[in-house]
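# Residue-level structural notes
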Amino acid sequence: MGLKIKILGPWETTANGEPVRLTGERRVGVLARLALSAGQPVSAEELLTQVWGQSTATTAGKQLHIVVSKLRGLLSPHQDGEVIATVSGGYQLNLACERIDAHLFSLLGRQARAARTHGEITTANELFQRALTLWRGDALVGITAPWAQVESARLEEERLTTLEDHMDLRLAAGDHHAVVPVLTAHAEIHPLRERPRAQLMLALHRAARSSEALAVYQKTRRVMLDELGIEPGAALRRLQQAVLRQDPALHLSSPAQRTTLAKPVIPIELPADTRVFTARATEMAWLRRTLTDTVPGLPAVAAIHGPGGIGKSALAVHVAHAIADRFVDGVLYVDLGAATAGLQPLPPFEVLCRLLRSLGLDGAALPATVDEAAARYRSLTSTRKLLVILDDALDASQVRPLIPAGPSCAVIVTSRQIMASLDSMSHLRLTGLDPADATALFARIADSGRVRAEPDAAQQIVRQCSGLPLALRIAAARLAAQPDRTLTYLADQLADPNRRLDALEHADLAIRDSIAVSLQHLPGEPVGHDAAHTFLLLGLLETPTHTVPAASALADWPEHRAETALNHLLDARLLEPAGPGRYRMQDLIRLYAREQAALHVPEPVRVTATRRAFRHYLATATNR
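Our subject in this report is the structure included herewith. (Residues numbered from 1 in each chain as written. Predicted model: local features only at pLDDT ≥ 70, side-chain atom pairs only at ≥ 80, totals over all residues. Heavy atoms only, no water.)

## Remarks on the packing of helix α1 (residues 25–36) against helix α6 (residues 146–172)
Put simply, α1 and α6 touch, their axes get as near as 12 Å, and they point 40 degrees apart. The angle between the axes of α1 and α6 places the two elements in the oblique class. In this structure, α1 crosses over α6, and the sense of that crossing is left-handed. Between α1, through Gly29, Ala32, Arg33 and Leu36, and α6, the contact on the second element is made entirely by Trp147, Glu151, Arg154 and Leu155. Among the residues making up the contact of α1 with α6, the classes are represented as four nonpolar, one polar and three charged. (Axes fitted to C-alpha atoms, helices over the stretch in contact; angles between N-to-C directions. Helix = DSSP H or I, 4+ residues; strand = E, 2+ residues; numbered from the N terminus. Parallel < 35°, antiparallel > 145°, perpendicular 65-115°, else oblique. Left-handed = near helix turned anticlockwise from the far one by under 90°. Contact = heavy atoms within 4.5 Å. Nonpolar A, V, L, I, M, F, W, Y, C, P; charged D, E, K, R; others polar.)

See the structure below:
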């Protein structure tokens, strides 16, 4: 590592990474002055004038010789050759410029500008970053001599110019969202520098914040009039006029011009696939086709909806694994949280920040609002080929800002309710497994030998699980946890309506929790209250299918109010369509509704509601 001298901040000299203790104002001054001219001679007269200043001591020359001798003794053990050479009329520091941070900074800045000129944008960005990170504070801090103040000001101007050159590079590469906070701070510290003000105006305009861009101009104008008594320069005035007329020349001509400024981050976030995925051949073919047969100019979006526990996430992840290698820029996965009991779904802003971090955006550069985050997300995805899985979504408002902009992107959305209000989205309604496929899934999860040994009990278990993959999975897990119990024992538990939901609970899996989530996310008052109340009352009935008139009689409401409640239950997948004007409640959901009605509906209300429903059915049967 050798000897290094750092002057871009508190003075620091190191050898092989360890600090070299250097004391004495004149020793530091002489070494700093020689360091700024490393590789070049500095006259003794210049050193005396700058370091000793106004001193007229006749011994100053001798003092300089002593200081140089002390410096040689201190530094020579850490450097091959003569570190401070005596040259004609003065001295020279023989240390490579790369070992002095101020020279390294200048070198990296020149290399960055050269790389930019040759179109090597990523390289230029990295070089600018390396240069700017060398600064640890004000240059030559602690050295108060006039020459040091002059050099400090020169180096600071070079730093500001390099920072602004870097901002130009990032703006040209479409990084306008991320540079706004950097430029805002820079412009506040240096209110009379017009260049960063212009850069900030351009960044804000490109980030769809034109009103803020114009406010920057007005603030700049006030400051310049107050401090200097002059108007802003011609370039800044022209920019203001261009923003006012929404001049297209201010925008990048196409997303393809936006160059990635860092090594591409390729996220691979898919959860593990399941080894027991069964059936769903038709659905898998539909999903593959939807995601790969794209419409020009638009991302492919496939939405899978259906009741809780029906296997939406498993299907999405299974197909995503099969096609992931087609998406060269990676796979993003987010659980949006609408299927977790007791928790609220993730707000879009939180999800966008998570996605932006996955795409390589530094946490300090994350936008401050959901609109800014969505715009930044669209920008970062506009030229990428990504597969995005938005699992367990609540509704269209949660999903809409999470759809990427790139036409080469593909999205899988899973949700309980259909996302009908989202444009350019293909929909798949997922239903329960048929008996043969359900039996095959149960046999794959459970011990196939035990299933063959008790085929009738296995069939009964599958039937009581109503073709629901989650229920089959829980049943198989209970058998695995109790190897001494027979399938017949579990089948008998499931056959008892009062014990079935208890039997379909194991570890962190429970049918009750899955159904409760749908109730939790019903709309707010008053329609949500009506839907929840109707759900409980429907659980009192033995019949699985219902009509609007029947629900109206059951709740003692007008038919339009009952129909609204039924449709909200349909949206939440607590009911399923069963033909024109008819609704069906799946057996496990009906058992849960009955259980909850016994807990939350007073007995007199239950009795009265049941009588009204019975009278309605009698009247309907009589009129047939």
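More follows now that the structure is in view.
## Here we look at the packing of helix α16 (residues 435–445) against helix α18 (residues 455–464)
Put simply, α16 and α18 touch, their axes get as near as 10 Å, and they point 110 degrees apart. Classified by the angle their axes make, α16 and α18 are roughly perpendicular. Seen along the crossing, α16 lies across α18 with a hand that is right-handed. Between α16, through Pro435, Ala438, Thr439 and Phe442, and α18, the contact on the second element is made entirely by Ala458, Gln459, Ile461 and Val462.

## Considerations on the pattern of salt bridges
For the coordinates displayed, the defined rule picks out 29 salt bridges. In this structure, Arg193 and Glu164 form a salt bridge, with 2.8 Å as the shortest nitrogen-oxygen distance. Here Glu164 lies in helix α6 and Arg193 lies in the loop between α7 (176–189) and α8 (194–206), a separation of 29 residues in the sequence. Just as Arg193 is buried, Glu164 falls in that class too. We note a salt bridge from Arg195 to Glu164, for which the minimum N-O separation is 3.7 Å. Of this pair, Arg195 sits in helix α8 while Glu164 sits in helix α6; the two residues are 31 residues apart in sequence, bridging distant segments of the chain. Residue classification places Arg195 among the partly exposed positions, given a relative accessible area of 30%. Linked by salt bridges that have partners in common, Arg113, Glu157, Glu164, Asp165, Asp168, Arg193 and Arg195 make up one network. (Salt bridge = Lys/Arg side-chain N within 4 Å of Asp/Glu carboxyl O. Buried < 20%, exposed > 50% of the residue type's maximum accessible area, 1.4 Å probe, protein only.)

## Looking at the sheet that holds strand β16 (residues 582–584)
Pairing within the open sheet is antiparallel, and its three strands lie in the order β14-β16-β15. Both edges of this open sheet fall to β14 (545–547) and β15 (576–577), since each of them pairs with a single strand only. (Pairing = 2+ DSSP bridges.)

## Observations regarding the sheet that holds strand β5 (residues 84–87)
Pairing in this open sheet of three strands is antiparallel, and the strands run β4-β6-β5 from one edge to the other. In this open sheet, the two edge strands, each paired with only one partner strand, are β4 (42–43) and β5. With two bridges connecting them, β4 and strand β6 (residues 90–93) associate as antiparallel partners. Residue pairing for β6: Val42 is matched across the bridge by Tyr91. Taken strand by strand, α1 contacts β4, β5 and β6, and its axis lies near 70 degrees from that of β6. Across the face of the sheet, helix α3 (residues 60–75) comes into contact with β5 and β6 while running at roughly 145 degrees to β5.

## Here's the deal with the packing of aromatic side chains
Per the counting criterion, the structure on display carries two aromatic pairs. Seen in terms of ring centroids, Phe105 and Trp135 are 5.6 Å apart; in terms of plane orientation they differ by 80 degrees. Their pairing is edge-to-face. A residue pair is termed long-range when its members are at least 10 positions apart, and Phe105 in helix α4 (residues 101–117) and Trp135 in the loop between α5 (121–132) and α6 qualify at 30 residues. Take Phe105: its relative accessible area is 0%, and that puts it in the buried class. Here the basic side chain of Arg159 rests over the ring of Trp135, its NZ or CZ set 5.7 Å away from the ring centre. Above the ring of Trp557, the side-chain terminus of Arg561 is found at 4.2 Å from the ring centroid. (Phe/Tyr/Trp six-rings, centres within 6.5 Å; stacked < 30°, edge-to-face > 60°. Lys NZ or Arg CZ within 6 Å of the ring centre and 35° of its normal.)

Coordinates in, geometry out; function isn't part of it.
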